[in-house]
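Residue-level structural notes
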Amino acid sequence: MHESGRLASNPATRIGSPRVGRQAPKTLSEEEIVALLAAPAERHTPEGERDRAMFALLYATGMRVSELVSLDVADLDLEARTVRCTGRGGRERIVPFDEHAAASLAAYLDGARRTLVRTPDFPALFLNHRGDRLTRQGFWLIMKSYATAAGIGAALTPHTLRHSFAAHLLQKGALLRDVQQKLGHANISTTQMYRLVRPPAPAGAAPDATGVV
């Protein structure tokens, strides 16, 4: 009506724009994570040993899949239990990992990788069955296969382990700033979305007034 000249002023100018809510990232429960990380042990092949190391490192560090497949052997420091990865914008960060991931990586480097690699000086850490660097798409197919084998019905994305890593850390009391540094987020507001993830309710918990357990 204002544009047609029937109103002298536009009353809509006093109405604020709606705020678009942020959805919580999709994550796995800790029980599902345990099942997924254990699934590669059922495959007694070099690829199974590689997959065990990949999953362990990914969940222990919260790296992006693109960062994981870009790793070279030289980026690992098994003694210090740290990995150097390059994130968005070429930003490098050093991320620590746990003993479980260190043991899985050591076993892979001493065993399966020696079988998969074609030339001794090839730098890539994680290799496919042809001895080439594993791709992000290749990892995604591998992860979906193991999720099916482990009976995980949740909708997965390549970032599922990264999301689960961050949400679980915050649920256990980690500082938001520490999680931001591990994930390599430039802005802490990006990390804050993991606070939207609700921890699973204890067994037998009663629903609240909204009917949500």
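The sections below set out a description of the structure shown in this document. (Residues numbered from 1 in each chain as written. Predicted model: local features only at pLDDT ≥ 70, side-chain atom pairs only at ≥ 80, totals over all residues. Heavy atoms only, no water.)

Time to look at the packing of helix 1 (residues 30-38) against helix 2 (residues 46-61). As a packed pair, helix 1 and helix 2 sit with axes 8 Å apart at the nearest point and diverge in direction by 150°. Between helix 1 and helix 2, the interaxial angle falls into the category roughly antiparallel. Each of Ile 33, Leu 36 and Leu 37 in helix 1 lies in contact with helix 2, whose residues at this interface are Phe 55, Ala 56 and Tyr 59. Of the residues contributing to the contact of helix 1 with helix 2, the split by class is six nonpolar, no polar and no charged. (Axes fitted to C-alpha atoms, helices over the stretch in contact; angles between N-to-C directions. Helix = DSSP H or I, 4+ residues; strand = E, 2+ residues; numbered from the N terminus. Parallel < 35°, antiparallel > 145°, perpendicular 65-115°, else oblique. Contact = heavy atoms within 4.5 Å. Nonpolar A, V, L, I, M, F, W, Y, C, P; charged D, E, K, R; others polar.)

This next bit is on the nonpolar core. In terms of nonpolar packing, the biggest core is built from 52 residues, with Leu 36, Phe 55, Leu 68, Phe 97, Tyr 108, Phe 126 and Phe 139 touching the most fellow members. When residues of this core are assigned to their parent elements, the largest contribution, eight residues, is made by helix 2. Not counting the four nearest positions on each side in its chain, Phe 55 is found in contact with Leu 36, Leu 37, Pro 40, Phe 139, Ile 142, Met 143, Tyr 146 and Leu 161. (Core = buried A, V, L, I, M, F, W, Y, C linked by side-chain atoms within 4.5 Å. Buried < 20%, exposed > 50% of the residue type's maximum accessible area, 1.4 Å probe, protein only.)

The next point concerns the packing of aromatic side chains. This model, assessed by the stated rule, comprises three aromatic pairs. Ring centres of Phe 55 and Tyr 146 lie 5.5 Å apart, and the angle between their planes is 85°; on these two criteria the pair is classed as edge-to-face. One end of the pair, Phe 55, is in helix 2; the other, Tyr 146, is in helix 6 (residues 136-149), with 91 residues separating them in the sequence. The same class applies to Phe 55 as to Tyr 146, namely buried. Pairwise contacts between aromatic rings join Phe 55, Phe 139 and Tyr 146 into one cluster. One residue, Arg 43, lies across the ring of Tyr 146, its end atom 4.0 Å from the ring centre. (Phe/Tyr/Trp six-rings, centres within 6.5 Å; stacked < 30°, edge-to-face > 60°. Lys NZ or Arg CZ within 6 Å of the ring centre and 35° of its normal.)

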